[in-house]
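Now for the letters of each chain:
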Amino acid sequence: MTDAVPVVLVDDHHMFRTGVRASLDARVHVVGEAADVDEAVAVVHAERPPVVLLDVHLPGGSGGGGAEVVQRCADLAGTTRFLALSVSDAAEDVVAVIRAGARGYVTKNISASDLSGAVVRVAGGDAVFSPRLAGFVLDAFGTSAGDVAVADDEMDRLSKREQEVMRLIARGYTYREVGSDLFISVKTVETHVSAVLRKLQLSNRNELTRWAAARRLL
């Protein structure tokens, strides 16, 4: 069993932090907490965790909330990644914190198990979004010149079911959510994802999201 991922938890509500700390499973270990911008910047620099769970609306600092925390910790970009955890699903909140440098954004209705999984994925380098939120980011940032669409034969490599799974995974759905939407098991979803990545010669979900965005498939 691998070691738990050390995490700093940032939210201005003590009861919420307590609830999250109690809900996270053995894959995650909370090593510090903060309730405002300045405290968060200090704790993150002191602990240098692989992942920071960060609310986007925080008091203190210059009024920039979670995005300000990410910006003020830019010197830790090589070692610390930020995952926004917020009740808000407003496009402006999502875009602001991702523009600042966060690696993902999930809403507070996420299950405890899925939140723990999201932390592990962000620690591993993936970008993680609650369903439908990834579209805000793609709309705001667009795609780079290198992500131009190519011949439809790439899509033709995928079966109809693989295309369905690909679209949902690229939008940020978890394996469990994909399985629920398509009425298939999580194991079957995993098999389809492996096939999609292999056929498209991609390495991970982040690359898959960029591939799908370039072809306007989201």
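Bear in mind the structure is a predicted one, so any value in this text is a computation, not a measurement.

Cut-offs used in this document
- Residues numbered from 1 in each chain as written.
- Predicted model: local features only at pLDDT ≥ 70, side-chain atom pairs only at ≥ 80, totals over all residues.
- Heavy atoms only, no water.
- Helix = DSSP H or I, 4+ residues; strand = E, 2+ residues; numbered from the N terminus.
- Buried < 20%, exposed > 50% of the residue type's maximum accessible area, 1.4 Å probe, protein only.
- Salt bridge = Lys/Arg side-chain N within 4 Å of Asp/Glu carboxyl O.
- Pairing = 2+ DSSP bridges.
- Contact = heavy atoms within 4.5 Å.
- Axes fitted to C-alpha atoms, helices over the stretch in contact; angles between N-to-C directions.
- Core = buried A, V, L, I, M, F, W, Y, C linked by side-chain atoms within 4.5 Å.
- Phe/Tyr/Trp six-rings, centres within 6.5 Å; stacked < 30°, edge-to-face > 60°.
- Lys NZ or Arg CZ within 6 Å of the ring centre and 35° of its normal.
- Parallel < 35°, antiparallel > 145°, perpendicular 65-115°, else oblique.
- Left-handed = near helix turned anticlockwise from the far one by under 90°.
- Nonpolar A, V, L, I, M, F, W, Y, C, P; charged D, E, K, R; others polar.

*Asks:* Sorry, what's going on with the environment of Ile 98 here?
*Replies:* When you line up the elements, Ile 98 lands in helix H4 (residues 91-100). On the basis of relative accessible area, Ile 98 is assigned to the buried category, the value being 13%. Taking the C-alpha atoms as reference points, Ile 98 and Ala 84, separated by 14 residues in sequence, lie 8.6 Å from one another.

*Asks:* Explain the pattern of salt bridges here, please?
*Replies:* Any two side chains of opposite charge can pair, on the condition that their charged atoms come close. One pass over the structure, following the stated rule, counts ten salt bridges. The salt bridge involving Asp 25 is made with Arg 27; its shortest N-O contact spans 2.8 Å. Overlapping salt bridges bring together Asp 11, Asp 55 and Lys 108 as one network.

*Asks:* For this particular structure, what's the right way to read unusual backbone geometry?
*Replies:* Backbone phi values are negative for most residues with the exception of glycine, while trans is the configuration of most peptide bonds. Despite not being glycine, Arg 48 shows a phi value in the positive range, around 45°. Among the secondary structure elements, Arg 48 is positioned in the loop between helix H2 (37-47) and strand S3 (51-54).

*Asks:* Can you walk me through the sheet that holds S3 in this structure?
*Replies:* Strands in a sheet are paired, the pairing made by backbone hydrogen bonds, and the direction either parallel or antiparallel. Taken together, the six strands give an open sheet; going across it, the order is S2-S1-S3-S4-S5-S6, and neighbouring strands pair in parallel fashion. Single-partner strands in this sheet number two, and they are strand S2 (28-34) and strand S6 (128-129). Where strand S1 (residues 5-10) and S3 come together, four bridges link them in parallel fashion. By the bridge assignment for S3, Leu 9 is matched with Leu 53. Against the sheet, helix H1 (residues 14-23) contacts S1, S2, S3 and strand S4 (81-86), and its axis sits at roughly 165° relative to S2. Packed on one face of the sheet, helix H5 (residues 112-123) meets S1, S2, S3, S4, strand S5 (104-107) and S6 and runs near 155° to S4.

*Asks:* Explain the nonpolar core here, please?
*Replies:* In a soluble, globular protein the nonpolar side chains are often hidden away together inside. Val 10, Leu 54, Val 69, Phe 82, Val 97 and Tyr 105 are the most contacted members of the largest nonpolar core, which has 28 residues in total. Counting residues per element, the ones that place at least two in this core are S1, H2, S3, helix H3 (65-72), S4 and H4. For this core, the leading source of residues is H2, giving five residues. If we skip the residues at most four places from it in the chain, Tyr 105 touches Val 56, Leu 83, Ala 84, Ser 86, Ser 88, Asp 93, Val 94, Val 97, Val 128, Phe 129, Ser 130 and Leu 133.

*Asks:* Sorry if this is basic, but what is going on with the packing of aromatic side chains here?
*Replies:* Aromatic ring pairs are defined here through the distance separating the ring centres and the angle between the ring planes. For the coordinates displayed, the defined rule picks out zero aromatic pairs. Over the ring of Phe 16 we find Lys 108; its NZ or CZ atom is 4.0 Å from the centre of that ring.

*Asks:* Would you mind showing me how to read the packing of helix H8 (residues 160-170) against helix H9 (residues 175-182) here?
*Replies:* To describe two helices that pack against each other, one gives the angle between their axes and the distance between the axes. Remark: H8 packs on H9, axes separated minimally by 10 Å, with the N-to-C direction vectors making an angle of 135°. Judged by the inter-axis angle, H8 sits oblique to H9. Here H8 runs over H9; the crossing is right-handed. Across the interface between the two elements, Arg 161, Glu 164, Val 165, Leu 168 and Ile 169 of H8 pack against Tyr 175, Val 178, Asp 181 and Leu 182 of H9. The residue makeup of the contact of H8 with H9, split by class, is six nonpolar, no polar and three charged.

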